[in-house]
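# Coordinate analysis (summary)
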Amino acid sequence: MLNRRKLIQCPLNVNPYLKITTNVGSSSLLDDQNVIVTVSGVLQPSDKHWVAMISPSHSSVQSCLLNTLLYKETGDLSHLPLLCHYPVKRAGLQRVGPGWKRAGLWEREPEPTLRARGVRARPGRAGDLVALDRPDWEKMGAGQCGLGGLGVWAGENGARDRPGLGKRVGRAGVAGQRAGEVGARLGGPDIEFVLFANGFDTPCILKRTDQPLPFVTPNKPLYPHLSAVDSTATAMRVTWVSGSIEPQQVEYGNAKSKISSVTTFTQADMCGNAVKSPAQDFGWHNPGYIHTAVMTGLTPSTISSYKLGSDSVGWSDNIQFRTPPVGGSAELRFLAFGDMGKAPQDGTVEHYIQPGSLSVAAALTEEVASGKVDSIFHIGDISYATGFLVEWDYFLHQITPFASRLAYMTAIGNHERDYIDSGSVYITPDSGGECGVPYETYFQMPTPAKDKPWYSIEQGPVHFTVISTEHDWKPNSEQYKWMKSDMASVNRARTPWLIFTGHRPMYTSAKAALISIDPLFVNYVEPLLLQNKVDLALFGHVHNYERTCAIYKAQCKAMPIKDENGIDTYNNLNYTAPVQAVIGMAGFSLDEFSDNVHDWSLSRISKFGYTRIQATNKQLKFEVSVAIL
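Every residue gets a number counted from 1 within its own chain, in the order that chain's sequence is written. Local features in this predicted model are restricted to residues whose pLDDT is 70 or higher, and side-chain atom pairs enter the listing and the counts only when it is 80 or higher, whereas totals over whole chains, interfaces and linings include all residues. Note that water and hydrogens are dropped before the side-chain values are worked out from all heavy atoms of the structure.

### So, the overall build of the protein
For the protein, the helix and strand inventory stands at 8 helices and 37 strands. Burial classes: relative accessible area under 20% of the type maximum marks a residue as buried, over 50% as exposed, and values in between as partly exposed (1.4 Å probe, protein chains only). Residue burial in the protein is summarised as follows: out of 629 residues, 60% are buried. Only heavy atoms matter for contacts: two residues are in contact if any of them lie within 4.5 Å across the pair. The contacts in the protein between residues at least 6 apart in sequence include a share of 75% that link residues at least 24 apart. Per-residue accessibility takes into account occlusion by the displayed protein chains alone, with areas from the Shrake-Rupley method and a 1.4 Å probe. Carbon and sulfur atoms make up 52% of the accessible area of the protein, which totals about 23,900 Å². Runs of E in the DSSP output that reach at least two residues are strands. Runs of H or I that reach at least four are helices, and both are numbered from the N terminus.

Following this line, the structure appears as structure tokens:
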């Protein structure tokens with residue numbers, strides 16, 4: 001192809017002092033460890049010098065000049081290295097920035113409480129937050145970070161910096177660079193580090209590590225995460241990644257075990273057109289093998305444990321998990337959010353960073369560890385890999401501490417599914433050519449079939465109807481008929497609450513409202529919500545938090561009444577219309593609100609966070625947790 005040329009060694013590179021070393025030396029890598037990379041011998045380091053982590057080590061590091069256009073189709077407008085195989089990490093040899101700041105303190109805002117089938121909420125003014133103490137969310141002193149030691153490092157224009165990652169002066173005045181790498185195993189048998197000069201646009205190679213760094217146990221199970229398979233809560237699916245195609249097993253409970261089924265996907269499964277998509281070309285990364293098994297014979301609302309693997313590949317640690325409550329039972333406590341993505345923990349740079357994701361993920365870990373959460377719902381835009389497949393590894397690594405311990409239920413978003421001529425409703429290249437294949441392989445929900453990612457499930461007193469806004473929802477479409485039938489069949493004596501979820505919202509006050517709302521979607525689907533008395537509708541896509549009144553056709557059909565604590569209360573015994581909330585604030589860079597405030601918009605918060613919802617037979621409580629950055 002015309003955009004490819006051979007990547008050359010830098011001319012006149014006769015520096016005998018140039019060296020790349022790691023703290024691992026000649027040892028093999030663990031599945032998850034910090035690797036310190038030291039570059040020495042660069043006599044005049046500049047912002048044109050950078051280090052790439054390549055995995056596997058035989059990947060092409062030729063230069064592909066046309067990639068600058070292909071990067072932008074994914075939505076990532078960063079200045080990125082033009083290599084034929086995208087580096088899984090990169091770090092500049094010279095760092096510039098105003099310092100660093102961690103997100104550790106949180107505020108909590110109570111939001112709707114649907115009591116007696118009604119919703120409650122705190123008054124909605126921008127920034128109207130209430131600080132509530134919580135013993136397990138410690139207030140940390142200067143230089144410390146709460147929430148398990150993870151946080152967001154924020155520099156100018158979104159740059160990230162952190163202590164210990166700057167230059168150092170070595171022998172003979174030679175500047176060096178130390179870069180901390182989070183070495184989660186990345187679907188390949190080894191990694192290497194390459195030092196480049198001439199920046200991202202016309203890079204040339206100065207030095208490579210002498211030998212690739214192999215992993216000790218390349219086939220050991222990684223990234224376990226759970227999902228519910230039906231409303232009985234007597235079975236749960238566990239999915240994990242391994243370098244081995246041989247079936248493994250999950251051992252759980254009292255000497256029970258199940259053999260895994262094994263699958264994977266290839267470049268041929270990705271979407272493209274005349275010009276290959278990132279997923280087909282320079283963003284491709286071998287995913288390894290995805291194992292899944294269904295643990296049966298479980299008891300609802302019970303704590304148990306499991307481990308994964310085999311004697312030949314090795315075993316995971318024992319992991320404690322909780323089954324959700326059976327549909328029709330008295331109570332459910334769940335967390336919900338959209339648009340999380342991932343971010344590096346080590347100050348390096350990756351494709352499409354979502355700056356709030358680390359802080360939110362750390363808070364979710366604390367929530368789940370408290371034992372007061374039954375399940376999680378992630379409403380679209382999951383990893384933001386967008387055709388750069390290694391980013392799925394990073395996302396799965398980030399959510400493992402909580403997704404391995406309870407049901408992690410998902411809905412598909414535009415950044416998982418949409419691509420030109422792929423059958424999606426919207427013909428944007430937002431998935432980078434993934435077209436839902438990695439998403440549906442990693443997150444196997446109880447859907448009717450492949451590429452039909454809609455489903456319903458009941459937990460406690462709640463019936464969830466989960467749709468795909470990226471697949472046809474027009475009348476007479478398969479999905480439209482399904483959602484109409486599903487919501488009409490809800491037994492409100494068994495599950496008094498009906499929650500509708502999908503990625504793209506029906507209402508938003510964000511400045512980008514014109515491109516975020518599809519009037520046809522609202523026109524066709526909103527009447528179904530009213531006809532079936534949906535209590536609460538949860539959406540993502542817009543990257544902030546906003547709650548409406550009880551709304552239909554942009555008109556408030558009912559306004560809340562404040563209770564004795566000043567919390568907005570909706571009495572849904574006298575049902576008028578659903579309350580809708582945008583909850584896409586879990587990681588992606590936040591969207592600003594318009595100065596034009598609609599009457600139907602009662603609460604607007606542009607901060608990173610998630611929602612916490614508790615449902616009983618008589619009441620549904622809804623509150624928002626947001627990060628102080």
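So, next bit.
### Comments concerning the nonpolar core
Most often, soluble globular proteins have nonpolar side chains that are buried together. To define a nonpolar core, start from buried Ala, Val, Leu, Ile, Met, Phe, Trp, Tyr and Cys residues and group those joined through side-chain atoms within 4.5 Å. Formed by 109 residues in total, the largest nonpolar core has its most connected members in Met295, Tyr306, Phe443 and Phe500. When residues in this core are grouped by element, the largest group, 6 residues, is from helix α3 (residues 390-403). In contact with Phe500, not counting residues within four places along its chain, are Thr465, Ile467, Met483, Met487, Val525, Leu529, Val534, Leu536, Ala537, Leu538 and Phe539. Residues Ile20, Met53, Leu195 and Phe215 belong to the second largest nonpolar core, which totals 23 residues.

### Overview of the packing of helix α2 (residues 357-369) against α3
For the pair α2 and α3, interaxial distance at closest approach is 8 Å and the crossing angle is 20°. Relative to α3, α2 is oriented roughly parallel. When you trace α2 past α3, the crossing you get is left-handed. Taking contact as the criterion, the partners of Ser357, Leu358, Ala361, Leu364, Thr365 and Val368 in α2 are, on α3, Gln398, Pro401 and Phe402. Helix axes are fitted only over the stretch in contact, all axes being lines through C-alpha atoms; the angle between N-to-C directions runs from 0 to 180 degrees. Any angle between 65 and 115 degrees counts as roughly perpendicular, while under 35 counts as roughly parallel, over 145 as roughly antiparallel, and the rest as oblique. A clockwise turn of the near helix away from the far one marks a right-handed crossing, whereas an anticlockwise turn of less than a right angle marks a left-handed crossing.

### As for the packing of aromatic side chains
Any pair of Phe, Tyr and Trp rings, taking the six-membered ring for Trp, is counted once the centres come within 6.5 Å. Such a pair is stacked with planes under 30 degrees apart, edge-to-face with planes over 60 apart, and tilted for the rest. Within this structure, the stated rule accounts for 24 aromatic pairs. The interplanar angle of 80° and the centroid separation of 5.8 Å between the aromatic rings of Tyr352 and Phe588 together place this pair among those described as edge-to-face. Taken as a pair, Tyr352 in the loop between β23 (331-337) and α2 and Phe588 in the loop between β34 (579-583) and β35 (601-605) lie far apart in primary sequence, 236 residues in all. Three or more aromatic residues link up through ring pairs in this structure, and these residues are Phe265, Trp284, Trp392, Phe395, Phe402, Tyr408, Tyr439, Tyr442 and Phe443. A cation over an aromatic ring shows up here: Lys474 above the ring of Trp473, its NZ or CZ 5.8 Å from the ring centre. Criterion for a charge above a ring: Lys NZ or Arg CZ within 6 Å of the ring centre, and within 35 degrees of the ring normal.

### Here's the deal with the environment of Ser456
Within the fold, Ser456 resides in strand β26 (residues 455-459). Separated by 27 residues in sequence, Ser456 and Met483 place their C-alpha atoms 8.9 Å apart. Apart from the residues within four sequence positions on either side, Ser456 is in contact with His463, Phe464, Thr465, Trp482 and Asp486. Of the polar contacts made by the side chain of Ser456, one reaches the side chain of Asp486; its length is 2.7 Å. In the analysis that follows, any N or O atom pair within 3.5 Å is treated as a polar contact, provided that within protein one partner can donate a hydrogen and the other can accept it, and provided that, for residues neighboring in sequence, both atoms belong to side chains.

### Side note on the pattern of salt bridges
A side-chain nitrogen of Lys or Arg and a carboxyl oxygen of Asp or Glu constitute a salt bridge if their distance falls within 4 Å. What the rule picks out here adds up to 18 salt bridges. Put simply, Glu251 and Lys307 hold a salt bridge, and the shortest N to O gap is 4.0 Å. Remark: Lys307 occurs in strand β20 (residues 303-310) and Glu251 occurs in strand β16 (residues 249-252); sequence separation between them is 56 residues. On the basis of relative accessibility, which here comes to 29%, the residue Glu251 falls in the partly exposed class. Looking at Lys307, the relative accessible area reads 25%, which means it is partly exposed. Linking Arg492 and Asp535 is a salt bridge whose minimum nitrogen-to-oxygen distance equals 2.8 Å.

### Looking at unusual backbone geometry
Although it is not a glycine, Tyr352 adopts a positive phi angle of roughly 50°. Here Ala554, not a glycine, exhibits a phi torsion of approximately 65°, which is positive. Among the secondary structure elements, Ala554 is positioned in the loop between β30 (545-552) and β31 (555-558). A residue is classified by how much of its surface remains accessible, and Ala554, at 35% relative accessible area, is partly exposed.

### Description of the packing of helix α6 (residues 478-488) against helix α8 (residues 519-531)
Closest axis-to-axis distance for the α6/α8 pair is 10 Å, and the angle between their directions is 10°. By the angle between their axes, α6 is roughly parallel relative to α8. For the pair α6 and α8, contact is made by Tyr480, Met483, Lys484 and Met487 and by Tyr524, Val525, Leu528 and Leu529, respectively.

### Notes on the pairing of strand β24 (residues 375-379)
Of all the 5 residues making up β24, 5 are buried; the element is thus mostly covered by neighbouring parts of the structure. Covered by surrounding structure in β24 are Ser375, Phe377 and Ile379 together with Ile376 and His378, the residues of both alternating faces. Pairing between β23 and β24: 4 bridges, direction parallel. Bridge pairing in β24 places Ala336 opposite Phe377. With respect to chirality, the unit in which β23 leads through α2 into the neighbouring parallel β24 is right-handed. Note: β24 against strand β25 (residues 407-411), 5 bridges, orientation parallel. Bridging across to β25, Ile379 finds its partner in Ala411. Orient the strands so they point away from the viewer, and a crossover whose first-strand-to-second-strand path over the helix runs clockwise is right-handed. Traced from β24 through α3 to β25, the parallel crossover comes out right-handed. Between any two strands, pairing holds if DSSP finds at least two bridges.

### So, the side chain of Thr501
If you trace the backbone, Thr501 turns up in strand β28 (residues 497-501). Taking relative accessible area as the criterion, Thr501 reaches 1% and is therefore assigned buried. The residues touching Thr501, leaving out its near neighbours within four places in the chain, are Ile379, Thr465, Val466, Ile467 and Leu538.

### Considering the environment of Gly253
Considering the arrangement of structural elements, one finds Gly253 in the loop between β16 and β17 (256-259). Considering only alpha carbons, one finds Gly253 and Met295, 42 residues apart in sequence, at a separation of 9.3 Å. If we skip the residues at most four places from it in the chain, Gly253 touches Ser304 and Ser305.

### Observations regarding α2
Expected span of a helix: the number of residues minus one, times 1.5 Å. Over its 13 residues, α2 runs 18 Å from end to end, which matches the ideal 18 Å to within 8%, given 1.5 Å per residue. Of all 13 residues making up α2, 10 are buried, and the element is well covered by its neighbours. In the segment just after α2, Gly371 is the residue with positive phi, at about 80°.

### Points about the state of the cysteines
The disulfide criterion is simple: two cysteine sulfur atoms within 2.5 Å. Enumeration over the complete set of coordinates arrives at 3 disulfides. A disulfide bridge connects Cys271 with Cys435, and the sulfur atoms are separated by 2.0 Å. Given an S-S torsion of about -140°, the disulfide between Cys271 and Cys435 has left-handed geometry. You can see Cys271 sitting in the loop between β18 (261-263) and β19 (289-295) and its partner Cys435 sitting in the loop between α4 (414-417) and α5 (437-442), a full 164 residues away along the chain. One disulfide bridge connects Cys549 with Cys556, the sulfur atoms lying 2.1 Å from each other. Around the S-S axis, the bridge from Cys549 to Cys556 shows a dihedral of about -95° and counts as left-handed. Residue class for Cys556 comes out partly exposed when judged on its relative accessible area of 29%.

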